[in-house]
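Given next are the chains, with one letter for each unit.
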Amino acid sequence: MIDLTTLTISKASALLREGSLTSRVLTESYLEAIKAKDTDIHAYLEVYNDALTQADAADALLKAGKGGPLTGIPIAVKDNILVKGKIASASSKMLEKYVASYDATVIERLKKAGVVFIGRVNMDEFAMGGSTENSAFGATKNPIDTTRVSGGSSGGSAAAVAADMALAALGSDTGGSVRQPASFCGVVGFKPTYGAISRHGLIAMGSSLDQIGTLTKSAGDAELLFDAMAGKDSMDATTIDLVPVSVNKKMRIGVPEQFVASEGIDPEVLSNFRSSLEKLKALGHEIVPVELPSLPLALAVYYILMPAEVSSNLARLDGVKYGLHVEGKDLLEDYRKTRGQGFGKEVRRRIILGTYVLSSGYYDAYYNKATIVRDLITKDYKKAFESVDVIATPTAPSPAFRLGEKTENPLEMYLADIFTVPINLAGVPAISVPSGFTKREGKDLPLGVQFVAPHQGEARLFEIGKQFLAE
Amino acid sequence: MITREQVEKLAALARVEIAPEEAEKLAGELGAILDYAGELTKAAGDIDRTKDVPAHRNVMRDDTPVHEPLAHTETLLTAAPSRDGQYFKVKKILS
């Protein structure tokens, strides 16, 4: 039997390529783990019935000596990424039975690399939320403590990897949806530079913010997946081919002191962050303060721009072309009933908020102001990166909170994104790596440290991540 | 402040049916979120958008066909809740 707890993509791949392990055996191990654990955790919405067929095809490639670093690796897919012929529901009743008619670009690229897609995993509906409690199909629980949330919106992805029910998972990150659940579940969460990975085939939420990211057991694994998925794609006009920045082994790491110590941050999170900085110093890095004066405004900017984009992106779901259809007395009532019943509470809230901030008379007061401040935030980062290689903050202001703890107060739920949202606004890449634990009611809850790099500075994140985790 | 009536109007514009109780609750929640976002007005100051070109701009492709006519019609129509031959079926708009 393989020990899945310490397995990484790079270790598994070495075994697969030398022939001492087959993808079938590996995939079967994960299927068994899902059977044994997922009733309690609820990470998966569907385990694909052709996972073993995919594994056999990967084994044939490996046997012929044509295997690459991802061939035969079983990974889970967030429910908002299209896999041809499979349901992609965005964890919404609106798309509960929607079958994807094409592969997302990332899926196409990973299929070429011989990846085995094991199933689709739970999320907050249309990626809106920070706990998966907004899923129309029930919340995913934190594998470390099942009375707590897995984080979100990519909570199913994080829980699947943390509970060894997949070797890695794809997620999407609009305001922290990969990094925050990674921090809550104790795995590595990576969000690339805006435009580094194609979103073609990702169900859109906030298109100026959305990026596909990864949840893995190591920083090296994030790099392997990134290399296979990144690069220009004619189907997503925002994509670029990366021109990598320089990477120093010993880095200057900037810390926005005031922001990190702002109100509402759990004291244990702060002391864990201080220990992480000590560890980085011991590794030979230099810690320096940086000024990012506009950062405290990031959440306010985000909660204007994101709903505006949501209201526009989700207008396509009208009960005519695909997805749910609810009959009314006329076309207008068809629309209203379909969207009223198909969308959950948080999605309705954001659509209506977005409609408000974009409506004539308010557009200038909210949307326009938010885009101006967004540029100020982007400039802050640009300036900071003139003097440091990366910036470090905690990933989330607290460890995983209890199920139901924040569902009644949307503003409080939004505050959980305080450290992750500014990164999406600036379009820079970031990685969350496990940084230790805090004890709550007898359970060791994971915490994470987030590293941020300038545009196209992914290589710095993988380097510092590997050093921090002693890979 | 956002009123219940405003929320109902917005919901109608967004083509989303909501219950009266939800409109009431949303009015309070949206008010709180917008109050929080209000601090932006101060920070944005008098920056003139016409002089300060934003970092994000639209990239357009040529408006030319990218695949053969009907190449994906059947695949896409199989996902339609209601169809008539090669068309999506909707209720008539003009009575």
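Quick note: structure is the one above.
In this text the structure is predicted, and so the values were computed from the model without any measurement.

> A description of the overall build of chain B should follow, citing residues and the corresponding values.
Summing up its helical and strand segments, chain B has four helices and two strands in all. Its helices and strands taken in sequence order, chain B reads α-α-α-α-β-β from the N to the C terminus. When each of the 95 residues of chain B is scored for burial, the buried share is 22%. Total accessible area on chain B is roughly 7200 Å²; 56% of this is exposed by carbon and sulfur atoms.

> Please give an account of the packing of aromatic side chains that cites residues and values.
Residue and element names in this part refer to chain A. If you walk through the whole model with that rule in mind, you get 14 aromatic pairs over all chains. Ring centres of phenylalanine 190 and phenylalanine 462 lie 4.9 Å apart, and the angle between their planes is 55 degrees; this geometry places the pair in the tilted category. Here phenylalanine 190 is found in strand 7 (residues 188-191), whereas its partner phenylalanine 462 is found in helix 16 (residues 458-468), with 272 residues between them in sequence. We note that phenylalanine 190, like phenylalanine 462, is buried. Put simply, the rings of Phe190, Phe226 and Phe462 pair up and form one aromatic cluster. Stacked on the ring of tyrosine 48, the Lys or Arg lysine 86 has its end atom at 4.8 Å from the ring centre. In this arrangement the basic side chain of lysine 406 is found over the ring face of phenylalanine 401, its NZ or CZ atom lying 5.0 Å from the centre.

> How would you explain the interface of chain B and chain A if you had to name every residue and give the values?
The interface is formed by 43 residues belonging to chain B together with 55 residues belonging to chain A. Carbon and sulfur atoms make up 69% of the area that chain B and chain A hide from each other, which totals about 4300 Å². On the chain B side of the contact with chain A, B:Glu17, B:Leu40 and B:Lys91 bury the most area, a combined 16% of that side's loss. Inspection of the region where chain B meets chain A yields six salt bridges. With its nearest N and O atoms 2.8 Å apart, the salt bridge here joins B:Lys91 to A:Glu327. Between chain B and chain A we count nine residue pairs in polar contact (both at pLDDT 80 or more) in total. For the side of chain B that touches chain A, the leading source of residues is helix 2 (residues 20-37) of chain B, giving ten residues.

> So what's going on with the nonpolar core? Residues and values would help.
Residue and element names in this part refer to chain A. If you look at the biggest cluster of nonpolar residues, it comprises 163 residues, and the most contacted ones within it are Tyr44, Phe126, Tyr381 and Phe451. Considering every element that reaches this core, the biggest residue donor is helix 10 (residues 298-313), with eleven residues. Ignoring anything within four residues of it in the chain, the contact list for phenylalanine 451 reads Leu280, Val390, Ile391, Ala392, Pro429, Ala430, Ile431, Val433, Leu461, Ile464 and Phe468.

> Talk me through the sheet that holds strand 12 (residues 430-440) of chain A; I want residue IDs and the actual numbers.
Residue and element names in this part refer to chain A. Across the sheet, which stays open at both edges, the eleven strands sit in the order 1-3-2-6-8-7-12-13-11-9-10 with mixed pairing between neighbours. Edge positions in the open sheet fall to strand 1 (44-47) and strand 10 (286-289), since each of these has one partner strand only. The average angle at which neighbouring strand axes cross in this sheet is 30 degrees, direction not considered. In the sheet, strand 9 (residues 252-255) pairs with strand 11 (residues 390-394) via two bridges, with the strands oriented parallel. Residue pairing for strand 11: isoleucine 253 is matched across the bridge by valine 390. Contacts between helix 5 (residues 155-162) and the sheet are confined to strand 1, strand 2 (74-78), strand 3 (116-121), strand 6 (168-173) and strand 8 (211-216), with strand 6 contributing the most and set at about 155 degrees to the helix. In this fold helix 7 (residues 219-229) packs onto strand 6, strand 7, strand 8 and strand 12, with an angle of close to 145 degrees to the strand it touches most, strand 8.

> Got a sec to walk through helix 4 (residues 105-112) of chain A? Specific residues and values, please.
Quick reminder: α-helices carry 3.6 residues per turn. Residues three or four places apart thus point the same way. Residues and elements named next belong to chain A. Every buried residue of helix 4 is listed here: Thr105, Val106, Ile107 and Leu110. Looking at the buried positions of helix 4, the neighbouring elements they touch are strand 2, strand 3, strand 6, strand 8 and helix 7. Count one or two residues on from helix 4 and you reach glycine 114, which has phi positive near 85 degrees.

> An account of the pairing of strand 6 of chain A is requested, with residue identities and associated values reported.
Residues and elements named next belong to chain A. Within strand 6, six of the six residues are buried, which leaves it mostly tucked inside the rest of the structure. Burial along strand 6 is two-sided: Ala168, Leu170 and Ser172 facing one way and Ala169, Gly171 and Asp173 facing the other are all buried. The sheet contact formed by strand 6 and strand 8 spans five bridges and is antiparallel. Residue pairing in the sheet places leucine 170 in a bridge with threonine 214 of strand 8.

Calculation criteria
Residues numbered from 1 in each chain as written. Chains lettered and ligands numbered in written order. Predicted model: local features only at pLDDT ≥ 70, side-chain atom pairs only at ≥ 80, totals over all residues. Heavy atoms only, no water. Helix = DSSP H or I, 4+ residues; strand = E, 2+ residues; numbered from the N terminus. Buried < 20%, exposed > 50% of the residue type's maximum accessible area, 1.4 Å probe, protein only. Areas by Shrake-Rupley, 256 points an atom, 1.4 Å probe, with all protein chains shown as cover. Phe/Tyr/Trp six-rings, centres within 6.5 Å; stacked < 30°, edge-to-face > 60°. Lys NZ or Arg CZ within 6 Å of the ring centre and 35° of its normal. Contact = heavy atoms within 4.5 Å. Buried area = accessible area lost by both parts, 1.4 Å probe. Salt bridge = Lys/Arg side-chain N within 4 Å of Asp/Glu carboxyl O. Polar contact = N/O pair within 3.5 Å; in protein donor to acceptor, adjacent residues only side chain to side chain. Core = buried A, V, L, I, M, F, W, Y, C linked by side-chain atoms within 4.5 Å. Pairing = 2+ DSSP bridges. Axes fitted to C-alpha atoms, helices over the stretch in contact; angles between N-to-C directions.

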